[in-house]
Amino acid sequence: MKRPINKNGITIHSAADFEGMRKAGKLAAEILDMIGEYVRPGVTTGELDQICHDFMIANNSVPATLGYRGYPKSSCISLNHVVCHGIPGEKIPSATSKNSKRKDDTIIDGDILNIDVTCIVDGWYGDNSRMYVAGKAKPYAKRLIQVTHDALMLGIEQAKPGNTFGDIGAAISEYAHKHNLSVVRDFCGHGIGAVFHSAPNVVHFGRWGKGPVIEEGMFFTIEPMLNLGKYDCEVLADNWTAITVDRKLSAQFEHTIGITENGAEIFTESPKGLFDQVLKS
């Protein structure tokens, strides 16, 4: 079905489309609700990915990342200084030249990790990520996670008709900088719906009142990545894994939303209220 596209190349969706996204978003959130109990020291990222994969298949969905542009897994799992697109099952890049505790892709006590899943349900894409802690996190790591979560929610508050995409970025970046954290600039949120990635690019830094105007019927993700150190990233030789250049910690939360006449509907809201479970522990 052909859908209207506005002057900025952004698709405008119907009420029926919202129904499709609610189903896809709900399943994506259920995957992340489910996987939390498996995140602990001693488990491997490959094992976590397999559990997510099996859950998607069992629930009649397709893992959107598997085979996407050559990506080999059904989720992205990014630990510590990995900003995004960490490949499960691959050896975790070390933050130091000497790390005797780390074995391959095994998670150790104190690791923080982002798990990012996208599932396709009846042709609609649900995209969602959140943070987890294996064992006990350091206070500065928990603070990073807290601020990243709160920055996302502040960005979502700005996602309503008549505001601009610059308002979303400004709300996120001002809050991050207030807490002496940097905002990653190399990656952004994106339009989504019956396709995985589309216009607009949703950057997480910006200026109030700038950028395209937000309209009812738009679907997109907001997924800020905040760093303890500099915002600069580098992509490893696998062409996917992005890490902080200074090897300091990074955190990310992501929701898929749809714009209604009153604001943002969060398609990926946790059915069990676990989206911010790390912050409550």
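Everything here concerns the structure above.
Quick notes on the rules
- Along each chain, residues carry numbers from 1 onward, in the same order as the chain's sequence is written.
- For a predicted model such as this one, the threshold for reporting local features is a pLDDT of at least 70, and the threshold for listing and counting side-chain atom pairs is 80 or more; totals across whole chains, interfaces and linings nevertheless cover every residue.
- In computing side-chain values, all of the structure's heavy atoms are included and hydrogens and water are not.
- Under the scheme applied here, a residue whose accessible area is under 20% of the maximum for its type counts as buried, over 50% as exposed, and between as partly exposed, the area being computed with a 1.4 Å probe on protein chains only.
- In this text, helices come from DSSP runs of H or I with a minimum length of four residues, and strands from runs of E with a minimum of two, each type numbered from the N-terminal end.
- For two strands to be treated as a pair, DSSP must find no fewer than two bridges joining them.
- A cavity here means a set of points on a 1 Å grid, drawn over the protein atoms and nothing else, where a 1.4 Å probe fits but cannot get out; a pocket is an open set with protein on both sides within 12 Å along at least five of seven lines, and a residue lines either one if it has an atom within 4 Å of a point.
- Grid points are joined across faces, edges and corners, and a volume is the space filled by probe spheres set on the points.
- Polar here means any residue outside two lists: the nonpolar Ala, Val, Leu, Ile, Met, Phe, Trp, Tyr, Cys and Pro, and the charged Asp, Glu, Lys and Arg; Gly therefore counts as polar.
- All axes are obtained by fitting lines to C-alpha atoms, using only the stretch in contact for helices, and the reported angles, taken between N-to-C directions, cover 0 to 180 degrees.
- Here is the rule for angles: anything less than 35 degrees is roughly parallel, anything more than 145 is roughly antiparallel, 65 through 115 is roughly perpendicular, and the remaining ranges are oblique.
- Left-handed describes a crossing whose near helix is turned anticlockwise from the far helix by less than a right angle; the clockwise case is right-handed.
- Whether two residues are in contact is decided by their heavy atoms: any pair within 4.5 Å suffices.
- In protein, a polar contact requires one atom able to donate a hydrogen and another able to accept it; more generally it is a pair of N or O atoms within 3.5 Å, and residues adjacent in sequence count only if both atoms are side-chain atoms.
- The working definition used for a salt bridge is a side-chain nitrogen of Lys or Arg within 4 Å of a carboxyl oxygen of Asp or Glu.
- Each nonpolar core is a collection of buried residues, namely Ala, Val, Leu, Ile, Met, Phe, Trp, Tyr and Cys, held together in the definition by side-chain atoms within 4.5 Å.

K.L.:
Got a sec to walk through the pairing of strand β14 (residues 255–259)? Specific residues and values, please.
P.N.:
By the criterion of burial, β14 is predominantly enclosed, with five of the five residues buried. With burial as the criterion, each face of β14 is covered, one bearing His 255, Ile 257 and Ile 259 and the other bearing Thr 256 and Gly 258. Across four bridges, strand β9 (residues 219–222) lies against β14 in antiparallel orientation. The residue of β14 that forms the bridge with Phe 219 is Gly 258. Where β14 meets strand β15 (residues 264–266), three bridges bridge the pair, whose relative direction is antiparallel. When the sheet's bridge partners are listed, Ile 257 is paired in β15 with Ile 266. Hairpin connection from β14 to β15: four residues lie between these consecutive antiparallel strands, with Gly 263 at a positive phi of about 150 degrees.

K.L.:
Report on empty space enclosed by the protein, specifying residues and quantitative values.
P.N.:
Under the defined criterion, the tally for this structure stands at one cavity of 30 Å³ or more. When its volume is computed, the largest cavity comes out at roughly 30 Å³. Taken together, Ile 10, Thr 11, His 13, Gly 191, Ile 192, Ser 198, Ala 199 and Phe 219 make up the lining of the largest cavity. Partitioning the lining of the largest cavity into residue classes produces four nonpolar, four polar and no charged.

K.L.:
Report on the packing of helix α3 (residues 139–157) against helix α4 (residues 165–178), specifying residues and quantitative values.
P.N.:
At a minimum axis separation of 8 Å, α3 and α4 run at an interaxial angle of 155 degrees. It follows from the interaxial angle that α3 and α4 lie roughly antiparallel. In the packing of α3 onto α4, the handedness of the crossing is right-handed. On the side of α3, the interface is formed by Val 147, Asp 150, Ala 151, Leu 154 and Gly 155, while α4 contributes Ile 168, Ala 171, Ile 172, Tyr 175 and Ala 176. Across the contact of α3 with α4, the residue classes break down as eight nonpolar, one polar and one charged.

K.L.:
I'd like a description of the sheet that holds strand β10 (residues 225–227), backed by residues and values.
P.N.:
On the basis of which strands lie adjacent, the open sheet formed by three strands has the order β6-β10-β13 and antiparallel pairing. One side of each edge strand has no neighbouring strand; the edge strands of this open sheet are β6 (182–183) and β13 (250–252).

K.L.:
Before we move on, can you summarise the side chain of Thr 244 with the specific residues and values?
P.N.:
Here Thr 244 lies in strand β12 (residues 242–244). Of note is the side chain of Thr 244, whose polar atom sits 2.8 Å from the backbone oxygen of Lys 248. Leave out the neighbours within four places in its chain, and Thr 244 touches His 81, Val 83, Asn 227, Asp 232 and Ser 250.

K.L.:
Would you mind going over the pattern of salt bridges in detail, with residue names and values included?
P.N.:
Applying the stated rule across the entire model yields eight salt bridges. Arg 22 is the salt-bridge partner of Glu 265, the closest N and O atoms lying 2.6 Å from each other. Of this pair, Glu 265 sits in strand β15 while Arg 22 sits in helix α1 (residues 15–35); the two residues are 243 residues apart in sequence, bridging distant segments of the chain. As a salt-bridge pair, Asp 111 and Arg 102 come within 2.9 Å of each other at their nearest N and O atoms.

K.L.:
Can you break down the sheet that holds β12 residue by residue, with the values?
P.N.:
Where strands meet in a sheet, backbone hydrogen bonds hold them as pairs that are either parallel or antiparallel. On the basis of which strands lie adjacent, the open sheet formed by three strands has the order β3-β12-β11 and antiparallel pairing. With partners counted over all chains shown, the strands left at the sheet margins are β3 (82–84) and β11 (233–235), one partner each. Adjacent strand axes in the sheet meet at a mean angle of 40 degrees, parallel and antiparallel pairs treated alike. Alignment of β11 against β12, held across three bridges, turns out to be antiparallel. Among the inter-strand pairings, Cys 233 is bridged to a residue of β12, identified as Thr 244.

K.L.:
Give me the environment of Met 225: which residues, what numbers.
P.N.:
As for its placement among the helices and strands, Met 225 is situated in strand β10. Taking the relative accessible area as the measure of exposure, Met 225 reaches 1% and is therefore buried. For the pair Met 225 and Asn 8, spaced 217 residues apart in sequence, the C-alpha to C-alpha distance is 25 Å.

K.L.:
How would you sum up the environment of Ile 108? Please name residues and give values.
P.N.:
One can find Ile 108 in the loop between β3 and β4 (112–121). Apart from residues lying up to four places away in sequence, Ile 108 is in contact with Pro 41, Lys 101, Arg 102 and Ala 134.

K.L.:
Could you give an account of the nonpolar core, with specific residues and numbers?
P.N.:
Ile 112, Ile 168, Phe 220 and Ile 222 are the most contacted members of the largest nonpolar core, which totals 35 residues. Those elements that provide at least two residues to this core are β5 (124–133), α3, α4, β9 and β14. For this core, the element with the highest residue contribution is α3, accounting for seven residues.

Honestly, it's all geometry; don't read function into it.
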